[in-house]
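# Structural characterization, general
The primary structure of each chain is shown beneath.
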Amino acid sequence: MSVTTTTPPKASMREFIRKGKPPTEDYRELLFELEAKGELEVQRVPEPYVEVETKYGRKKKIPLEQTWHHKSCGQCGHIPGYSTAIFWLNRKLGYEYHDPRDQTSCTAWNYYASSTSNSGAQAAVAVRNFAQAKLDGFFPMIHCGTSYGHYKEVREEILHHSKLRDQVRKIMDRLKMPFVFPEEIVHYSEWVHVVRQEIAEKQVLDFSGITATVHPACHYHKLVVEDAIYDRELYDGQRTAIVTALVEALDAKAADYSTWHDCCGFGFRHILVSRDFSRSFATVRKIERMKEEADPDVTITHDTGCVTTLDKSQFAAQAHGRNVGIPVMSDAQFAALAMGAHPYKVCQLHWHGVDMKPLMEKMGIDHEKAWQEFEEVASRLKDNGTEFMTWEDADA
Amino acid sequence: MSIYKDAKYQDVPYEKKQKLFQEVKEDMRWESVMYGCYECGICVAACPSARFYDFSPRVFAQVMGREDIDTFYELLNDSVWDCSQCFSCTRCPRQNNPGAIITIMREVAVNHGLSSAKKALQAYSRIIYKIMSTGTQVAPDMLQPDFFPDWGPDVKDVSENLDVWRRAVPPETMHTTELAWDVSEKTRLELYMIWKLTGNLEMIENIDEGIFMILEEVMEELLEEHGYDIDDFENVLED
C-alpha cells in the first residue's frame, strides 16, 4: 500500500485568505440599535475619514480632523514629547484638533492596578468624557493604549447589560450631560497609520539606515481584539499592522524578533511599586531579545506604559552588565523627527532614559546644536517665571 | 475542608470563602470571561507574571471552573495581585479571559477590605488619592530620585529642572507640575460626583481609611464651595 505524504508550505509561501463571516458581533450595529430605541446617542465619525480593515475584515473609520484629544496620564506626566509630537503632527499636516481641559483620565491605570472602582464608575467616567467631546463639537481621539482598550471593554459591557446602561443614564442625568458613545473608538496611532503617506511626503530626514524593532501594546491588540488594524500586506495579516506600517513608510527597516507578542512588563501596579518585576521582564524578555536577534537602532511603540517600561528599565539592567541600550520612543515622535521636528523642543527626548545621541547622529540630527537651542529657550523661561514655550518657539 | 493537606487559610470559615466566591460569579461580567478550560497552558505561555512569580492564569480558570472554594480563597489572597493585567491570556482557544476573572476577584477583595489587598496596595494608595482627586493618575512632580532610584540620572535632571522644563513644553494644557495636564475644576468635581454616585469612596475606606478621610475632606469642601449638597449624592448602583 502506498502512502501519500504532503509537506505544508513554508510560512513565507502561505497566503492568508479570510473565509466566512467574522466570529464577532458588529458593535456598530448594536450601538445603532440602542440609539434607535432611544437608549443613547451615537456620535458619528466626522468626515473626512479613512476606512481601514480590522482584525476580522470589517472596515473601521478613522477621522482625519475635528478630533478631541483624550490625553494620557503617563504621556503628559512623564513623557511630554509623546503628546507634543501628536499635536505637532496634526498642526504640520493642517488638521484641526482640540486639546481639552474638560477631560479626565480614563482612570483605567488605577483600575487595573488596584481595582478600587467598579463597572458603573468606569463606564460613567468613559461616557462623561465622550459626552464632553460631543458637547465641545469634536470626535474622541484616544492617546493611551490602555484608555483605548478599557473603553472597548466598557463598550462591550454597555452593549450587553441594560442594568449598567440604566446606571450610567442616572449618573449622566445627575451630571446634566447626555449619554453619548462614539461610533468608533479611535487610537491616535490609527490616525498616524492612515496619514503615514502624508508624513512620508513631508519627510526631511533619511531613515533608510535606521533599523527599528516594533513593540505592539497589549491593550491595543489583545484587550478586545476586534478594533485593531490588520493588513494582509504586513505579517501576512497575522499580526496588527499598526506602527510597523509607519516604520516602513518612512523607509526604515522594521526588524523582527521572537518575543514580538510579549507584553512590556508594565503591570500597572508593578511599574509604580513593584518594579523589580517590570524591569526583569522588560529587559530579559524584550530588550535583550531585540538586541540579540535584531540589534536595532531604536524601538518604536505606541503606548504610554510600553515607552516608560521599555525605556526606564534599561538603566538598572545596564548597571548589572546586561545586553541593553536601545532607545525607545513612540511612533508619533519617530514620525515627527522624520518631518524635521526639534528633538528637544518638540519631541522632548531629554525626558527619556536611554541615550538617544547615537540614534540622532544616525538620523542626521545635530544634537549638540539642538540641545543648545533648547537651553536658550529654557534660560529665557527661567528668567521670566510666567513665560511658556510657544509652538512658534518650538519651530524656530 | 480543603482536599489539600497543606492548604492555607483553613481557619477561615468555609461559608465566608463561599460568599466571596459567589460574589465573583454574580458579577455581570462573569458570563463573558469564563467558558471552561482545556488546560492547554497557552495563557501561561503568554503570561509575563508567570515567568517571574509563582503565578498561573490557567490555575485561576481551572479553580473557578471547578468551584474549588478553598483554593479560590488562597488565590484571592496570595497571587491575585501578581497579575500584570496585560490580557495576553485572552489568546485562550476557549475565549476565557483569566485577566478579567482576576479583575473581578480583586474588586471583591477590595470590597471586603482583605488584609492581603491592603498589604498589596499599601505603597500604592497615594496614587489612588492622585487619580481620584485630580483626574490624572501620575504627575511630573512624582519624578523624584527617591521614588525612582532605578530609572537613572535623568530623573534627577527632570526633578531639578521641573518648573522650567514643564514650561518648555509647547501644549498649553501641559504647563503643570502637580497634574499630568490641566484638568478644569468643574471636570474634577464631575469626576468626584461619579465616585460618590458609584460607591467608590466606600471601597477606598475599606483599603486605606487615612486616604479616604483626606480625599473626602478636600473634595467635599470643593463641592460645597460650588454650591452642591453632599448628601444629595447617594449610591445609584444600590438601587
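Our subject in this report is the structure included herewith. (Residues numbered from 1 in each chain as written. Chains lettered and ligands numbered in written order. Predicted model: local features only at pLDDT ≥ 70, side-chain atom pairs only at ≥ 80, totals over all residues. Heavy atoms only, no water.)

## Description of the overall build of chain B
Here is the rule we go by: Strands are runs of DSSP state E lasting at least 2 residues, helices are runs of H or I lasting at least 4, and numbering of each runs from the N terminus. Burial classification: accessible surface area is computed with a 1.4 Å probe over protein chains only, and a residue below 20% of its type maximum counts as buried, one above 50% as exposed, and the rest as partly exposed. Between two residues, a contact is recorded if the distance between any of their heavy atoms is within 4.5 Å. We get accessible surface area from the Shrake-Rupley algorithm with a probe of 1.4 Å; when it comes to residues, only the shown protein chains can shield them. Counting rule for charge: Lys and Arg are taken as positive, Asp and Glu as negative, and neither His nor the chain ends is counted. Lysine's charge is taken at NZ, arginine's at CZ, aspartate's at CG and glutamate's at CD.
What chain B contains, in helices and strands, is 13 helices and zero strands. The N-to-C order of helical and strand elements in chain B reads α-α-α-α-α-α-α-α-α-α-α-α-α. Along the first, second and third principal axes, the C-alpha set of chain B runs to 60 × 50 × 35 Å. The buried share among the 239 residues of chain B stands at 59%. Residue pairs in contact within chain B that sit at least 24 positions apart in sequence constitute 66% of those at least 6 positions apart. Element-wise, carbon and sulfur atoms account for 46% of the exposed surface of chain B, whose accessible area totals about 10500 Å². Taken as two groups, the 23 positive and 44 negative side-chain charges of chain B have centres that lie 10 Å from each other.

## Examining the overall build of chain A
Put simply, the rule is: Atoms counted for the radius of gyration: C-alpha only. Globule rule: 2.2 Å times the number of residues to the power 0.38.
A tally of regular secondary structure across chain A gives 19 helices and 11 strands. For 396 residues, the compact-globule estimate of 2.2 N^0.38 gives 21 Å, and the C-alpha radius of gyration of chain A, at 22 Å, lies within 12% of that figure. Across its three principal axes, chain A shows a C-alpha extent of roughly 90 × 60 × 45 Å. The proportion of buried residues among the 396 residues of chain A is 65%. Contacts in chain A between residues far apart in sequence, at least 24 positions, make up 78% of those at least 6 positions apart.

## A word on the sheet that holds strand E11 (residues 328–330) of chain A
Residue and element names in this part refer to chain A. Quick reminder of the rule: We treat two strands as partners when DSSP finds at least two bridges between them. Here an angle of 0 to 180 degrees is reported between the N-to-C directions of two axes, which are lines fitted to C-alpha atoms, with helices fitted over the stretch in contact.
Reading across the sheet, the four strands line up as E9-E8-E10-E11 and stay open at both edges, with parallel pairing between neighbours. Lying at the two open borders of the sheet, with one neighbouring strand each, are strand E9 (253–254) and E11. One ladder, built from three bridges, connects strand E10 (residues 298–301) with E11; its direction is parallel. Residue pairing for E11: Ile300 is matched across the bridge by Met329. Contacting strand E8 (211–215), E10 and E11, helix H14 (residues 304–312) runs over the sheet at an angle of about 170 degrees to E11.

## A look at the side chain of Thr67 of chain A
Following the sequence through the fold, Thr67 of chain A ends up in strand E4 (residues 67–70). Here Thr67 of chain A is in contact with Asn90, Glu96, Tyr97, His98, Phe138, Phe139 and Met141 of chain A, once residues within four sequence places are set aside.

## Things to note about a negative patch on the surface
Residue and element names in this part refer to chain B. What counts is decided by this rule: Surface patches are drawn from residues lacking salt bridges whose relative accessible area is over 30%; two like charges belong together within 9 Å, two nonpolar side chains (Val, Leu, Ile, Met, Phe, Trp, Tyr) within 5 Å. Salt bridge, as applied in this entry: a Lys or Arg side-chain nitrogen positioned within 4 Å of an Asp or Glu carboxyl oxygen.
A grouping of Glu185, Glu217, Glu221, Glu224, Glu225, Asp229 and Asp231 is seen on the molecular surface, where their side chains present a negatively charged patch. At four residues, the largest contribution of residues to the negative patch is made by helix H13 (residues 209–225). Among the secondary structure elements, Glu224 is positioned in helix H13. Overall, the relative accessible area of 54% leaves Glu224 in the exposed class.

## Notes on unusual backbone geometry
Residues and elements named next belong to chain A. In this structure, Pro48 follows Glu47 across a cis peptide bond, with omega equal to 0 degrees. Non-glycine residue Lys176 carries a positive phi angle of around 55 degrees. By the secondary structure assignment, Lys176 is in the loop between helix H7 (162–174) and strand E7 (180–182). Unlike most non-glycine residues, Val243 shows phi in positive territory, near 75 degrees.

## Some points on the interface of chain B and chain A
Here is the rule: Using a 1.4 Å probe, buried area is obtained as the accessible area two parts lose upon being combined, added over both of them. Gly falls in the polar group here, along with every residue not listed as nonpolar (Ala, Val, Leu, Ile, Met, Phe, Trp, Tyr, Cys, Pro) or charged (Asp, Glu, Lys, Arg).
If you look at the interface, chain B gives 81 residues, while chain A gives 92 residues. Ranking the residues of chain B by area buried against chain A places Trp151, Arg167 and Trp181 of chain B at the top, with a combined share of 10%. Seen at the junction of chain B and chain A, the total is six salt bridges. Put simply, Arg101 of chain A and Asp182 of chain B hold a salt bridge, and the shortest N to O gap is 2.7 Å. The set of elements that each furnish at least two residues to the side of chain B that touches chain A consists of helix H3 (49–52), helix H6 (98–111), helix H8 (125–134), helix H9 (153–160), helix H10 (162–167), helix H11 (185–197) and helix H12 (200–207) of chain B. The element best represented in the side of chain B that touches chain A is H11 of chain B, accounting for eight residues. The residue inventory of the side of chain B that touches chain A, partitioned by class, reads 48 nonpolar, 16 polar and 17 charged.

## Here we look at the sheet that holds strand E5 (residues 97–98) of chain A
Residue and element names in this part refer to chain A. Reading across the sheet, the three strands line up as E5-E4-E6 and stay open at both edges, with parallel pairing between neighbours. Only two strands of the sheet have a single partner each, and these edge strands are E5 and strand E6 (139–142). Here E4 runs beside E6; their pairing, made up of four bridges, is parallel. The partner of Thr67 across the bridge, within E6, is Phe139. Contacting E4, E5 and E6, helix H5 (residues 119–136) runs over the sheet at an angle of about 145 degrees to E4.

## Some words on H9 of chain B
Threshold: The arc in question is the one traced by the directions running from the helix axis out to the C-beta atoms.
Those residues of H9 of chain B not exposed but buried are Asp154, Val155 and Val158 of chain B. Looking straight down H9 of chain B, one finds its buried side chains confined to an arc of 105 degrees; they lie on one side. Exposed residues on H9 of chain B whose side chains face more than 90 degrees from its buried face are Pro153 and Glu160 of chain B. Against the buried residues of H9 of chain B lie H14 of chain A together with H10 of chain B.

## Some details on the environment of Tyr53 of chain B
Considering the arrangement of structural elements, one finds Tyr53 of chain B in the loop between H3 and helix H4 (57–66). Expressed as a C-alpha distance, the spacing of Tyr53 of chain B and Arg126 of chain B, which sit 73 residues apart in the sequence, is 25 Å. Ignoring any residue separated from it by four or fewer positions in sequence, one finds Tyr53 of chain B in contact with His270, Ser274 and Phe277 of chain A together with Asp82 of chain B.

## Describing the environment of Glu23 of chain B
Residues and elements named next belong to chain B. Inspection of the secondary structure assignment puts Glu23 in helix H1 (residues 14–26). Considering only alpha carbons, one finds Glu23 and Met105, 82 residues apart in sequence, at a separation of 8.6 Å. In this view, Glu23 contacts Val108 and His112; residues no more than four positions away in its chain are not counted.

## Examining the packing of aromatic side chains
We count it as follows: Pairing of aromatic side chains here covers Phe, Tyr and the six-membered ring of Trp, requires ring centres within 6.5 Å, and sorts the geometry by plane angle: under 30 degrees stacked, over 60 edge-to-face, intermediate tilted. Comment: the charge-over-ring label is applied if NZ (Lys) or CZ (Arg) is within 6 Å of the ring centre and within 35 degrees of the ring normal.
A complete count under the given rule lists 27 aromatic pairs over all chains for this structure. With 5.2 Å between their ring centres and 80 degrees between their planes, Phe21 of chain B and Phe72 of chain B make a pair best called edge-to-face. With Phe21 of chain B in helix H1 and Phe72 of chain B in helix H5 (residues 69–78), this pair connects stretches of sequence that are 51 residues apart. Exposure class is identical for Phe21 of chain B and Phe72 of chain B. Each is buried. Cluster of aromatic residues (ring-pair linked, three or more members): Trp109, Tyr111, Tyr112, Phe266 and Phe268 of chain A together with Phe87 of chain B. The residue whose ring lies beneath Arg28 of chain A is Tyr27 of chain A, and the NZ or CZ to ring-centre distance is 4.5 Å. One Lys or Arg, Arg155 of chain A, reaches over the ring of Tyr27 of chain A and ends 3.6 Å from the middle of that ring.

## Some words on the state of the cysteines
Applicable threshold: To count as a disulfide, a pair of cysteine sulfur atoms needs to be within 2.5 Å.
On inspection of all chains with the given rule, the structure shows zero disulfides over all chains. The closest cysteine sulfur to the non-disulfide-bonded Cys76 of chain A is located on Cys73 of chain A, 7.9 Å from its own sulfur.

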